[in-house]
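Working through the structure, step by step
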Amino acid sequence: MVGSAIVRRLQALGYGKILTAVRDELNLLDQAAVRAFFQTNAIDQVYLAAAKVGGIRANNTYPAEFIYENLMIEANIVQAAHQAGVQKLLFLGSSCIYPKHAEQPMKEEALLTGGLEPTNEPYAIAKIAGIKLCESYNRQHGRDYRSVMPTNLYGSNDNFHPKNSHVIPALLRRFHEAKVANAPEVVVWGSGKPMREFLHVDDMAAASVFMMNLDDEIYQRETQPMLSHINVGTGVDCTIRELAETMANVVGYQGQIVFDSSKPDGAPRKLLNVTRPIKLGWKAEITLEQGLRDTYGWFLENQDSFRK
């Protein structure tokens, strides 16, 4: 989802030489294959958007895969990029890097100041390691490897798997199928009380290209060598109940929404402090309702490809 959005953004800005590789062409868990890819191709910039991702259920079910695969992907790419002489790289992390009970909205300085949310701790540990990888190569080798921490992302090309997807694609598919089946109710995991911030993937792509190409002197003015990551979000959140109600309205579902409090809620609130990106000259533009309508439109056009 994120990679394709970044490609669209680069193309819109006139970039003509964009190199991508699908999973069948390059296994990012294979260190030798990744090294060979970088040595074979002349690469100037790297957007490290690849990751194993999923919602609460997926993180709880496959913790070993989430920490192992994400650690391997980022380590292989950062090391191969350095060995190939690539000077500029942008690592995409996640807002789950912050402590479960971090002060809201969460500032970059909250990193490593408390315990993580248990349901996605393995994924968060891997993303924290990615930040430190970039900082370590910068300090030791003089690279310009930057990190951005997006809030919860959604949009075109999202994963709409009925069990392993994030909250927005999971709810969107559930409400759509309930509308088609004329189901009397839709069950949503948790109490509906936790608050979440959501960023459309096209906004994330715009932020990524902006941060990659920001003048080094300006970037360093707002960061530190060992606290170099930048939050990327809207600065606005809503409850899961409000999200579900907005989603039902967008989809056109008129049945009852039921919250299953026996299921985990996750962190009570996850709102990013976006002072840094605003100071640097970037802010989100797409509202949640507008983004949900765009995403539902994409879902309707492409639902046959992920019907099963």
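You'll find the structure just up there.
The residue numbers shown here count from 1 along each chain, following its written sequence. Only residues with pLDDT of at least 70 get local features here, since the model is predicted, and only at 80 or more are side-chain atom pairs given and counted; chain-wide, interface and lining totals rely on the full set of residues. Computation of side-chain values covers all heavy atoms of the structure but excludes hydrogens and water.

The next subject is the pattern of salt bridges. We count a salt bridge whenever a side-chain nitrogen from Lys or Arg sits within 4 Å of a carboxyl oxygen from Asp or Glu. Taken as a whole, this structure holds 13 salt bridges when the rule is applied. K88 is the partner of D144 in a salt bridge, and the nearest nitrogen-oxygen pair spans 2.9 Å. Of this pair, D144 sits in strand β3 (residues 144-150) while K88 is found in strand β2 (residues 88-92), placing the two residues 56 residues apart along the sequence. Comparing D144 with K88 shows no difference in burial state: the two are buried. Here K263 and D260 are joined by a salt bridge, their closest N and O atoms 3.1 Å apart. Taken together, the shared-partner salt bridges connect K88, D144, R146 and D216 into one network. Secondary structure follows DSSP: runs of H or I at least 4 residues long count as helices, runs of E at least 2 residues long count as strands, and numbering of each begins at the N terminus. Only protein chains enter the accessibility calculation, which uses a 1.4 Å probe; a residue is then buried when its area is under 20% of its type maximum, exposed when over 50%, and partly exposed in between.

Here the aromatic set is Phe, Tyr and Trp, taking the six-membered ring for Trp, and pairing holds for ring centres within 6.5 Å; pairs whose planes are under 30 degrees apart are stacked, those over 60 apart are edge-to-face, and all others are tilted. Scanning the model with the defined rule gives 7 aromatic pairs in all. Arranged with centres 5.6 Å apart and planes meeting at 50 degrees, the rings of F175 and Y253 form a pair that is tilted. Separated by 78 residues along the polypeptide, F175 in helix α6 (residues 167-181) and Y253 in the loop between α9 (240-251) and β10 (256-260) bring together distant segments of the chain. Of the two residues, F175 and Y253, neither departs from the other in class, the shared state being buried.

This next bit is on the sheet that holds strand β11 (residues 269-270). In this scheme, strands are said to pair when DSSP sees at least two bridges between them. Across the sheet, which stays open at both edges, the 3 strands sit in the order β9-β6-β11 with mixed pairing between neighbours. The sheet is open, and its two edges are formed by β9 (238-239) and β11, each paired on a single side. Judged from the 2 bridges that link them, strand β6 (residues 195-196) and β9 form a sheet pairing that is antiparallel. Within β9, the position partnered with R196 by the bridge is C238.

Inspection of the secondary structure puts S147 in strand β3. Contact definition: two residues touch when any of their heavy atoms are within 4.5 Å. Beyond its immediate sequence surroundings of up to four residues, S147 is in contact with L90, F91, I131, C134, Y219, S228, H229 and I230.

So, on to the packing of helix α4 (residues 63-83) against helix α5 (residues 121-141). Only C-alpha atoms enter the line fits that serve as axes; for helices the fit covers just the stretch in contact. Angles between N-to-C directions range over 0 to 180 degrees. Remark: α4 packs on α5, axes separated minimally by 8 Å, with the N-to-C direction vectors making an angle of 15 degrees. Here α5 runs roughly parallel to α4, going by the angle between their axes. The handedness of the crossing between α4 and α5 comes out as right-handed. For the pair α4 and α5, contact is made by P63, F66, I67, N70, L71, E74, A75, V78, Q79 and H82 and by P122, Y123, I125, A126, A129, G130, L133, Y137 and H141, respectively. Each residue is assigned to one class: nonpolar for Ala, Val, Leu, Ile, Met, Phe, Trp, Tyr, Cys and Pro, charged for Asp, Glu, Lys and Arg, and polar for all the others, Gly among them. Considered class by class, the residues forming the contact of α4 with α5 number 13 nonpolar, 5 polar and 1 charged. Working definition: roughly parallel below 35 degrees, roughly antiparallel above 145 degrees, roughly perpendicular at 65 to 115 degrees, and oblique for all remaining angles. The sense of a crossing depends on the near helix, which, turned anticlockwise from the far helix by less than a right angle, makes the crossing left-handed and, turned clockwise, makes it right-handed.

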